[in-house]
Amino acid sequence: MWNQFNNVNVAFTNRISETADAKNNLQAHLAKTLQEIFQTEMLIESLKKALRDKENPLKVAQTRLEERTRRPNIELCRDNPHHRLVGEVREIEDTIQKLQERLMEAENTLQTLVKTKATLEHDLSIKANSLFLDQEKCMSMRKSFPSLPRLVGYT
C-alpha cells in the first residue's frame, strides 16, 4: 500500500510538472502572438497612412487629365503629355489597389491573431485552474499517508 501511495504521488508530481511546462509554453506562445498583433496593427496603420497619402496625388492627376480633356474651343489630342497623365493615373490607381489588398490581408491576419490570442488565453486559464486543483487541492490531501484505522475502514 505504501509503495502504491508513493508511485501515485510520483506520477501525480510528474503530471503537475508536465502541466506547468505546457502552461509556460502557452505563455510564451501568447507573448509571441501579442507581439505579432502589435506589429500587425502598426502595419495596418502604416498602410492606411500610405493610402491617405496617395489620395492627393491621384486627385491632382485626375484633375489635370480632366482639364486636359475638357478644353473649350481646343481640339482634343492624344499626345505624349496626355498619355503620361493617363499612365500616371493608372499607376497611382494600381498602387492604391495593391495597398488595399495588403490592408485586407493584414486585417485578416489581425483577426486570425486575435482569435488565436483568445484561444491561448482560454487554454491558459484551463491550465492555471488544473494546476491549482492538482497542486493546492489534491496534493495537499496526499501529503500524509492515511492512518491504519482509516485504511482498514473504521473511520
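Residues numbered from 1 in each chain as written. Predicted model: local features only at pLDDT ≥ 70, side-chain atom pairs only at ≥ 80, totals over all residues. Heavy atoms only, no water.

Engineer: Can you explain the overall build of the protein chain? Please cite residues and give values.
Structural biologist: When helices and strands are tallied, the protein chain shows 3 helices and 0 strands. Going residue by residue from the N terminus, the α and β elements of the protein chain occur as α-α-α. A globule of 155 residues ought to have a C-alpha radius of gyration of about 15 Å, yet the protein chain, at 33 Å, is considerably larger. Along the longest, intermediate and shortest principal axes, the C-alpha atoms of the protein chain span 115 × 20 × 15 Å. A burial count over the protein chain gives 21% of its 155 residues as buried. Long-range contacts, defined as pairs at least 24 residues apart, comprise 85% of the intrachain contacts of the protein chain with a sequence gap of at least 6. For the protein chain, the centre of its 24 positive side-chain charges and the centre of its 22 negative side-chain charges are spaced 4 Å apart. (Helix = DSSP H or I, 4+ residues; strand = E, 2+ residues; numbered from the N terminus. Rg over C-alpha atoms; globule rule 2.2 N^0.38 Å. Buried < 20%, exposed > 50% of the residue type's maximum accessible area, 1.4 Å probe, protein only. Contact = heavy atoms within 4.5 Å. Lys, Arg positive; Asp, Glu negative; His and termini not counted. Charge placed at Lys NZ, Arg CZ, Asp CG, Glu CD.)

Engineer: So what about the environment of Ile 126? Which residues, and what values?
Structural biologist: Relative to the elements of secondary structure, Ile 126 occurs in helix H2 (residues 80-141). Taking relative accessible area as the criterion, Ile 126 reaches 41% and is therefore assigned partly exposed. Separated by 103 residues in the primary sequence, Ile 126 and Lys 23 have C-alpha atoms spaced 9.2 Å apart.

Engineer: Please set out the UniProt feature "coiled-coil region" (unreviewed entry) in the protein chain residue by residue, giving values where relevant.
Structural biologist: Under the UniProt annotation, the feature "coiled-coil region" (unreviewed entry) is placed at residues 82-123. Taken end to end, residues 82-123 has its terminal C-alpha atoms 61 Å apart, with 100% of it in helix and 0% in strand. (UniProt positions renumbered as here; feature names shortened; annotations may be inferred.)

Engineer: Talk me through the packing of helix H1 (residues 2-69) against H2; I want residue IDs and the actual numbers.
Structural biologist: The geometry of H1 relative to H2 is characterised by a closest axis approach of 6 Å and an angle of 165° between their N-to-C directions. Between H1 and H2, the crossing angle belongs to the class labelled roughly antiparallel. Crossing hand, H1 versus H2: left-handed. Taken together, the residues of the contact of H1 with H2 sort by class into 35 nonpolar, 15 polar and 16 charged. (Axes fitted to C-alpha atoms, helices over the stretch in contact; angles between N-to-C directions. Parallel < 35°, antiparallel > 145°, perpendicular 65-115°, else oblique. Left-handed = near helix turned anticlockwise from the far one by under 90°. Nonpolar A, V, L, I, M, F, W, Y, C, P; charged D, E, K, R; others polar.)

Engineer: I'd like to hear about the pattern of salt bridges, residue by residue, with values.
Structural biologist: Scanning the model with the defined rule gives 5 salt bridges in all. Of the charged contacts in the structure, one is a salt bridge between Lys 49 and Asp 53, with a shortest N-O distance of 2.9 Å. Of the two residues, Lys 49 and Asp 53 are both situated in helix H1; the distance of 4 residues between them amounts to about one turn of the helix. Owing to a relative accessible area of 44%, Asp 53 belongs among the partly exposed residues under this scheme. The partner of Arg 68 in a salt bridge is Asp 79, and the shortest N-O contact between them spans 2.3 Å. Separated by 11 residues along the polypeptide, Arg 68 in helix H1 and Asp 79 in the loop between H1 and H2 bring together distant segments of the chain. When its relative accessible area of 26% is taken as the criterion, Asp 79 is described as partly exposed. (Salt bridge = Lys/Arg side-chain N within 4 Å of Asp/Glu carboxyl O.)

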